[in-house]
Amino acid sequence: MNIQYPSRIVCLTEETTETLYLLGQGDRIVGVSGYTVRPPEARLKPKVSAFINAKFDKIQELRPDLVLALSDLQADLVAELVRRGMNVVVFNQRSVAEILQMIAMLGGLIGCQREAEQLADRLSAGLETIRAAAARFPSRPRVFFEEWDEPLISGIRWVEELVAIAGGAPIFPELEQAGLARDRIVDPAEVARRDPQVIFASWCGKKMRKATITSRPGWDAVSAVRNHHIFEIKSTYILQPGPASLTDGVQQIHKILASLA
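Residues numbered from 1 in each chain as written. Predicted model: local features only at pLDDT ≥ 70, side-chain atom pairs only at ≥ 80, totals over all residues. Heavy atoms only, no water.

(A) Highlighting the overall build of the protein chain. Within the protein chain, the secondary structure is distributed over 11 helices and 10 strands. For the protein chain, the C-alpha radius of gyration of 19 Å lies close to 18 Å, the compact-globule estimate for 261 residues. Overall, the C-alpha framework of the protein chain stretches about 65 × 35 × 30 Å when taken along its three principal axes. When contacts within the protein chain are restricted to residue pairs at least 6 apart in sequence, those whose partners lie at least 24 apart make up 61%. As displayed, the protein chain offers around 12,300 Å² of accessible surface, 53% of which is attributable to carbon and sulfur atoms. Placing the 31 positive and 31 negative side-chain charges of the protein chain at their respective mean positions leaves the two points 4 Å apart. (Helix = DSSP H or I, 4+ residues; strand = E, 2+ residues; numbered from the N terminus. Rg over C-alpha atoms; globule rule 2.2 N^0.38 Å. Contact = heavy atoms within 4.5 Å. Areas by Shrake-Rupley, 256 points an atom, 1.4 Å probe, with all protein chains shown as cover. Lys, Arg positive; Asp, Glu negative; His and termini not counted. Charge placed at Lys NZ, Arg CZ, Asp CG, Glu CD.)

(B) Here's a closer look at the packing of aromatic side chains. One pass over the structure, following the stated rule, counts four aromatic pairs. Between the aromatic rings of Phe 144 and Phe 172, the centroid separation amounts to 6.0 Å while the plane-to-plane angle is 65°, which identifies the pairing as edge-to-face. Residue Phe 144 is located in strand β6 (residues 142–149), and its partner Phe 172 is located in the loop between β8 (169–170) and α7 (188–194); the two are separated by 28 residues in the primary sequence. In textbook terms, an aromatic cluster arises when at least three aromatic residues are bridged by ring pairs, as seen for Phe 144, Phe 172 and Trp 219. In this structure, Lys 206 packs its charged tip against the face of Trp 148, placed 4.3 Å from the ring centre. (Phe/Tyr/Trp six-rings, centres within 6.5 Å; stacked < 30°, edge-to-face > 60°. Lys NZ or Arg CZ within 6 Å of the ring centre and 35° of its normal.)

(C) Spotlight on the sheet that holds strand β2 (residues 29–33). If you trace the five strands from one edge of the open sheet to the other, you get β3-β2-β1-β4-β5, paired in parallel fashion. What marks the edges here is a single partner per strand, and that holds for β3 (47–49) and β5 (88–91). The mean inter-strand angle of the sheet, taken between neighbouring strand axes irrespective of direction, is 25°. The sheet contacts of helix α4 (residues 96–110) involve β1 (9–11), β4 (66–70) and β5, and relative to β5 the element is tilted by about 170°. (Pairing = 2+ DSSP bridges. Axes fitted to C-alpha atoms, helices over the stretch in contact; angles between N-to-C directions.)

(D) Molecular detail of the pairing of β5. In this structure, β4 lies alongside β5, joined through four bridges in parallel fashion. The partner of Ala 69 across the bridge, within β5, is Val 90. The handedness of the β4 to β5 crossover, carried by helix α3 (residues 75–83), is right-handed. (Right-handed = clockwise from strand over helix to strand, strands pointing away.)

No statement about biological role is implied by the geometric values presented.
Following this line, the structure appears as structure tokens:
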């Protein structure tokens, strides 16, 4: 029996797009998110969605046999696509382990299980190399990673795990299990009290403004502010739970922490 795997795939977020390209299956993609930047050639594909809205008629015209989505935030999009008779798979990966699992599951969906497992193994090995290098740091600096500035949001699980792998000590470890952004809103005064030595900022969809951070009441006494240890990591490298964060994202964090060690 000749099994027909999906050959016309729409990706509503960029981590599945990048994964498919890394598996050598970019030709199967017929539509992508407008936020897609990796790999650059993927931007030539028809753009059919933002994150929480989509061009449903355009997706339907592309005749996808599989649509890939991410998280509860796309639940309304998924419901409409299902009502229109499409096959939709929603991933909800929140940790490094779940990102690797997503890659393996996606491989199975498209008939590339072995290649996907090999990709996941390579990504995992890369993380272990970084972890081993970070273990040689004389100390682990206290790190605050902010995902949004107003309200102040931090603690998304895979980012915190990658900060730890890269050699830092996240200052809000108790937020790791909080899946929803509203559950990860932090008090600026509490950030100052915990006194991070390094601040990373990745404001999804907009450029970090250092003055916004340094001008917060009481933050002039924060070690990271006093020592000018405030760094931007572009969201495409770290806030998408896929290959980018497990490679370029964690590598950028590690390089910065290594320079300060």
